[in-house]
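# Observations on chain architecture
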Amino acid sequence: MKQDPSILDSISTGIVKFDEKLTVTAMNASAEALLETSLTRCLGQHAGKLVLDPTQWLAALEHALASSNLHTNRGIALTLHSGQEIRVDVVVTPLTDHDGALNLLVEMMAIDRLLRISRDESLVHAQETNRAMIRGLAHEIKNPLGGVRGAAQLLARELPNEELAEYTRIIIREADRLRDLVDRLLGPNRQLDLQPRNIHEVLEHVRNLIIAESDNAVTIIRDYDPSLPEFACDKAQLIQAVLNIMRNALQAAPNADQCEITLRSRSQRQFTMGTRVHRLVCRVDILDNGPGIPAAILPAIFAPMVTGRADGTGLGLSIAQSIIHRHKGVIGCESRPGKTHFTFFLPMELHDAKAS
Ligand SMILES: Nc1ncnc2c1ncn2[C@@H]1O[C@H](COP(=O)(O)OP(=O)(O)O)[C@@H](O)[C@H]1O
Ligand SMILES: [Mg+2]
């Protein structure tokens, strides 16, 4: 039976087949998109012609050819003929066909800049250390604050005249304000409540909230992959994470009726996060057409207390990141005027998402 070629074209991984002389013999639609070319243009061409700087790329192919073993190469930089640079993870599998001829099957997965940032273990580690420090500090503030508030209440009862009570009221009010700030700094603290859920329940919930918050003024475009299965996650916390991201988009828009947010869901196979390859992950993209994140704060956007708004706390994205990390996922962001793009990935193996 002949394989339906549309199957190969519908997967997100780019696949190119070469013969032993490294000439292109087949290519799926994702590879055409990734390499900004077409099969007709490349058929019969040498692998070295596909990109402008083929050294690293050819080395990976030749290595697999010489060793006859599967060869994985992470983060190869390729310059396309348009001048655009892309970075890909490449898996090269040598295959022998019926008449003994050697072929190479090359799988290519693009890793964009945002993912390189979010997958950077040392950066994630630094952010986690910061968060731990802030949590520690928050606890240290909270304990004496309770004492200050309690003492002010006792003092209020002993005061000889009502005018002086205004001072104790100020102490109590400001202590409460500080306590609220500290609680927000501490963020969601409870264990994850993992239940099998579909990511679209989360996205739809937040979509309704944002529509209500904007008085029905925003446009929200949904681009869901309906085949995404349920997986173990904490729905309430994921709602919080997505809400924090989408609310920022709404707040950044000059006015709500010009605000357009796109919600996209996809599945991705064999995806590396940290040191693990996950069989299946759920990818969510949240894009908006607003003014973009100010360049000065973009590199530190997930750090706590980094804000671009006069009345902001800078905690929204820090909390969102912390929730995604607790689900063993990663989150990243890219932004320029007119296009801000948040992406997060969550592992979908049910038994994997243990609460941390
Ligand atoms: N979609 C977006 N468009 C423009 N700016 C954004 C967007 N998302 C986040 N930002 C910027 O990032 C800052 C930090 O966001 P966040 O962590 O939620 O804290 P806060 O909203 O309290 O400032 C915001 O103040 C804003 O300047
Ligand atoms: Mg916010």
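Look up a bit, the structure's there.
A brief structural summary.

What counts, and where the lines are drawn
Residues numbered from 1 in each chain as written. Chains lettered and ligands numbered in written order. Predicted model: local features only at pLDDT ≥ 70, side-chain atom pairs only at ≥ 80, totals over all residues. Pairing = 2+ DSSP bridges. Helix = DSSP H or I, 4+ residues; strand = E, 2+ residues; numbered from the N terminus. Buried ≥ 20, exposed ≤ 12 C-beta atoms within 10 Å, placed from the backbone. Axes fitted to C-alpha atoms, helices over the stretch in contact; angles between N-to-C directions. Contact = placed C-beta atoms within 7 Å.

## Points about the pairing of strand β10 (residues 276–288)
Where strand β9 (residues 260–273) and β10 come together, 12 bridges link them in antiparallel fashion. Considered in β10, the bridge of T262 is made with L287. Alignment of β10 against strand β12 (residues 339–347), held across eight bridges, turns out to be antiparallel. Within the sheet, the bridge partner assigned to L287 lies in β12 and is H341.

## Digging into unusual backbone geometry
Here L22, not a glycine, exhibits a phi torsion of approximately 65 degrees, which is positive. Position of L22 among the secondary structure elements: in the loop between β1 (14–19) and β2 (24–27). Residue L22 is classed as partly exposed on the basis of its C-beta count, with 18 C-beta atoms lying within 10 Å. In this structure, N216 takes a positive phi of about 65 degrees despite not being glycine. Examined against the element boundaries, N216 turns out to sit in the loop between α8 (199–213) and β7 (219–223). Looking at N216, the number of C-beta atoms within 10 Å reads 9, which means it is exposed.

## Focus: the sheet that holds β1
Spatially, the five strands line up as an open sheet ordered β2-β1-β5-β4-β3, and their pairing is antiparallel. This sheet does not close on itself; its edge strands, each paired only once, are β2 and β3 (71–79). Averaged over neighbouring strand pairs, the angle between their axes works out to 30 degrees when direction is ignored. Together, β1, β3, β4 (85–96) and β5 (102–110) form the strand contacts of helix α4 (residues 55–67), whose direction differs from that of β3 by roughly 155 degrees.

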